[in-house]
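Listed here are the chains, written in short residue letters.
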Amino acid sequence: MASTTFHKRAITAGIAALVLGLSACAGGDGDSTGDSTGDSGGGGGDLISVGFAQVGAESGWRTANTTSIKDALTQENGFDLKFSDAQQKQENQIQAIRSYIAQGVDYIAFSPVVESGWDAVLEEAKTANIPVILTDRAVDTEDESLYVTFIGSDFVEEGRRIGAYVSETLGTEPIKVVELQGTTGSAPAIDRKTGFEDATKDNPNVEIIASQTGNFTRAEGKTVMEGFLQAYPDIDVVYAHNDDMGLGAIEAIEAAGKVPGQDIKVVTIDGVKDGMQALADGKITYIVECNPLLGPDLADIIKTLDEGGTVEKRIVTKDEEFDQEAAIAALPDRQY
Ligand code: GYE
């Protein structure tokens with residue numbers, strides 16, 4: 001596939017040169033999906049054009065991920081990046097991908113909002129000979145030829161690790177857990193739930209009494225937690241699928257006159273700065289990291305493919321875990 005891509009790119013450059021006069025609205029950086037200079041650009045060199053369809057800006061993790069991608073796929077580094085923000089809506093993402101196909105970009109990368117419903121648009125990319133790279137989140141498809149590789153964390157493992165912590169450290173006596181799920185239908189929400197349940201199922205002390213989506217945002221995490229606090233006066237632990245929802249839950253806990261970290265323990269996944277600070281302050285009790293800095297690896301993958309090389313079908317990024325002491329030690333050098 002890679003060598004086909006290379007030829008296609010040379011051909012696209014010719015076509016793009018013809019249409020350049022009609023599409024002078026460049027800017028690889030904004031929300032625009034408009035064409036930009038790239039390998040067609042007068043004297044701009046042989047840039048690799050990449051259309052990136054981002055989920056949105058729902059969390060600190062996502063912001064760090066976007067920055068990492070924009071910082072890695074720069075013109076100096078040989079890329080012409082077209083970036084779009086789907087505002088957590090699958091239809092927006094499909095529209096952005098279609099626009100990248102229409103523009104004849106060299107590569108498409110995206111982080112799917114939800115797991116299912118991608119086959120049609122991925123078929124279109126395949127027909128157009130544009131390789132697709134999944135970053136961060138997986139798609140649910142029977143046809144693995146629809147994408148070249150999937151780079152990102154193992155979300156089931158993240159859920160397992162946080163579940164193991166809860167079971168072994170907090171579940172030595174009976175505890176009632178409420179779960180704040182990520183975006184319904186998204187890979188991290190599905191997998192983090194599965195992993196947690198798997199790691200806690202053999203401990204009868206751990207009871208999950210309620211589970212609801214907070215859509216990975218601080219605001220919805222807070223609202224859902226307010227409802228939980230009213231419905232269940234005896235919550236011991238909040239398991240939030242990301243830091244932001246956990247931080248929203250902390251606001252709700254404090255507003256209800258309880259002390260997070262003491263009356264109610266909060267455990268989360270991500271490890272962004274605000275989460276790590278709350279952990280250092282004792283408001284969050286444990287964090288399993290999810291590394292958002294996927295930009296440099298994405299750049300390497302594309303360069304490898306562009307030079308005719310091959311990459312693994314699944315590239316798993318490494319995640320750490322933090323208690324209060326580890327968070328205090330890590331915070332000064334934390335990049336995001
Ligand atoms: O954990 C959350 C974000 O897909 C891993 O999406 C990502 C998740 C991340 O909104 O904060």
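Below is a summary of the structure that appears in this document. On a predicted model such as this, the values are computed, not experimentally measured, just so you know.

1. A few points about the sheet that holds strand β2 (residues 79-85)
Here is step 1 of the chain: One open sheet holds the six strands; their spatial order is β2-β1-β3-β4-β5-β11, and the pairing between them is parallel. Strand pairing shows two members of the sheet lacking a second neighbour, β2 and β11 (314-316), which therefore form its edges. Each adjacent strand pair in this sheet contributes to an overall mean axis angle of 20°, direction not counted.
Here is step 2 of the chain: Judged from the three bridges that link them, strand β5 (residues 149-152) and β11 form a sheet pairing that is parallel. For Phe150, the partnering residue across the bridge sits in β11 and is Arg314.
Here is step 3 of the chain: Against the sheet, helix α2 (residues 60-72) engages β1 (48-54) and β2, with an angle of about 160° to β2.
Here is step 4 of the chain: Across the sheet, helix α10 (residues 295-306) touches β1, β2, β3 (107-110), β4 (132-135), β5 and β11, and the angle it forms with β4 is around 160°.

2. Looking at the packing of α2 against α10
Here is step 1 of the chain: Running from N to C, α2 and α10 point in directions that differ by 40°, and their axes come no closer than 7 Å. Relative to α10, the element α2 is oriented oblique. The two elements α2 and α10 cross, and the hand of that crossing is right-handed. Counting all contacts with α2, which are made through Ser68, Ile69 and Ala72, the residues of α10 involved are Gly295, Pro296, Leu298 and Ala299.
Here is step 2 of the chain: Residues of the contact of α2 with α10, tallied by class, amount to five nonpolar, two polar and no charged.

3. Concerning α10
Here is step 1 of the chain: If you check α10, its first and last C-alpha atoms are 16 Å apart, about what twelve residues at 1.5 Å a residue would give, namely 16 Å.
Here is step 2 of the chain: Along α10, the residues that are buried comprise Gly295, Leu298, Ala299, Ile301, Ile302, Leu305 and Asp306. The buried residues of α10 occupy one face: seen down the axis, they fall within an arc of 160°.
Here is step 3 of the chain: A positive backbone phi angle near 90° is found at Gly308, which sits one or two residues after α10.

4. Considering the pairing of β5
Here is step 1 of the chain: Of the two faces of β5, both are covered, the one formed by Thr149 and Ile151 as well as the one formed by Phe150 and Gly152.
Here is step 2 of the chain: Pairing of β4 with β5, which is carried by three bridges, proceeds in the parallel orientation. Paired with Leu134 across the two strands is Phe150, which belongs to β5.

5. Observations regarding the packing of aromatic side chains
Here is step 1 of the chain: Summed over the entire model, instances satisfying the criterion amount to five aromatic pairs.
Here is step 2 of the chain: Centroid distance Phe52 to Phe83: 5.9 Å. Interplanar angle 5°. Geometry classified as stacked. Remark: Phe83 occurs in strand β2 and Phe52 occurs in strand β1; sequence separation between them is 31 residues.
Here is step 3 of the chain: The class of Phe83 is buried, set by a relative accessible area of 4%.
Here is step 4 of the chain: Aromatic side chains Tyr165 and Tyr286 sit 3.8 Å apart centroid to centroid with 0° between the ring planes, which places their arrangement in the stacked category. With a gap of 121 residues between them, Tyr165 in helix α5 (residues 155-170) and Tyr286 in strand β10 (residues 286-289) connect regions that are remote in the sequence. Side by side, Tyr165 and Tyr286 carry an identical accessibility label, which is buried.
Here is step 5 of the chain: Between the NZ or CZ atom of Lys70 and the centre of the ring of Phe83, over which it lies, the distance is 4.4 Å.

6. Things to note about the sheet that holds strand β7 (residues 206-213)
Here is step 1 of the chain: With respect to topology, six strands assemble into an open sheet ordered β7-β6-β8-β9-β10-β12, the strand pairing being mixed. The open sheet has two edge strands, β7 and β12 (321-322), and neither has a second partner.
Here is step 2 of the chain: Relative to β7, strand β6 (residues 175-181) runs parallel, the two sharing seven bridges. The partner of Leu180 across the bridge, within β7, is Gln212.
Here is step 3 of the chain: Contacts from helix α9 (residues 273-280) reach β10 and β12 within the one sheet, and its direction differs from that of β10 by about 150°.

7. Brief notes about the nonpolar core
Here is step 1 of the chain: Within the largest apolar cluster, 42 residues are counted, with the highest numbers of intra-cluster contacts made by Ile108 and Phe110.
Here is step 2 of the chain: Once you skip the residues sitting within four places of it in the chain, Ile108 turns out to touch Gly51, Ile97, Tyr100, Ile101, Ala125, Ile130, Pro131, Val132 and Ile133.
Here is step 3 of the chain: In this structure, Val178, Ala240, Leu247 and Ile264 belong to the second largest nonpolar core, which totals 28 residues.

8. Digging into a negative patch on the surface
Here is step 1 of the chain: A grouping of Asp119, Glu123, Asp140 and Glu142 is seen on the molecular surface, where their side chains present a negatively charged patch.
Here is step 2 of the chain: Mapped onto the elements of the fold, Glu123 is located in helix α4 (residues 119-127).

Basis of the calculations
Residues numbered from 1 in each chain as written. Predicted model: local features only at pLDDT ≥ 70, side-chain atom pairs only at ≥ 80, totals over all residues. Heavy atoms only, no water. Pairing = 2+ DSSP bridges. Helix = DSSP H or I, 4+ residues; strand = E, 2+ residues; numbered from the N terminus. Axes fitted to C-alpha atoms, helices over the stretch in contact; angles between N-to-C directions. Contact = heavy atoms within 4.5 Å. Parallel < 35°, antiparallel > 145°, perpendicular 65-115°, else oblique. Left-handed = near helix turned anticlockwise from the far one by under 90°. Nonpolar A, V, L, I, M, F, W, Y, C, P; charged D, E, K, R; others polar. Expected span 1.5 Å × (residues − 1). Buried < 20%, exposed > 50% of the residue type's maximum accessible area, 1.4 Å probe, protein only. Arc of directions from axis to C-beta. Phe/Tyr/Trp six-rings, centres within 6.5 Å; stacked < 30°, edge-to-face > 60°. Lys NZ or Arg CZ within 6 Å of the ring centre and 35° of its normal. Core = buried A, V, L, I, M, F, W, Y, C linked by side-chain atoms within 4.5 Å. Patch = residues over 30% accessible without salt bridge, like charges linked within 9 Å, V, L, I, M, F, W, Y side chains within 5 Å. Areas by Shrake-Rupley, 256 points an atom, 1.4 Å probe, with all protein chains shown as cover. Salt bridge = Lys/Arg side-chain N within 4 Å of Asp/Glu carboxyl O. Lys, Arg positive; Asp, Glu negative; His and termini not counted. Charge placed at Lys NZ, Arg CZ, Asp CG, Glu CD.

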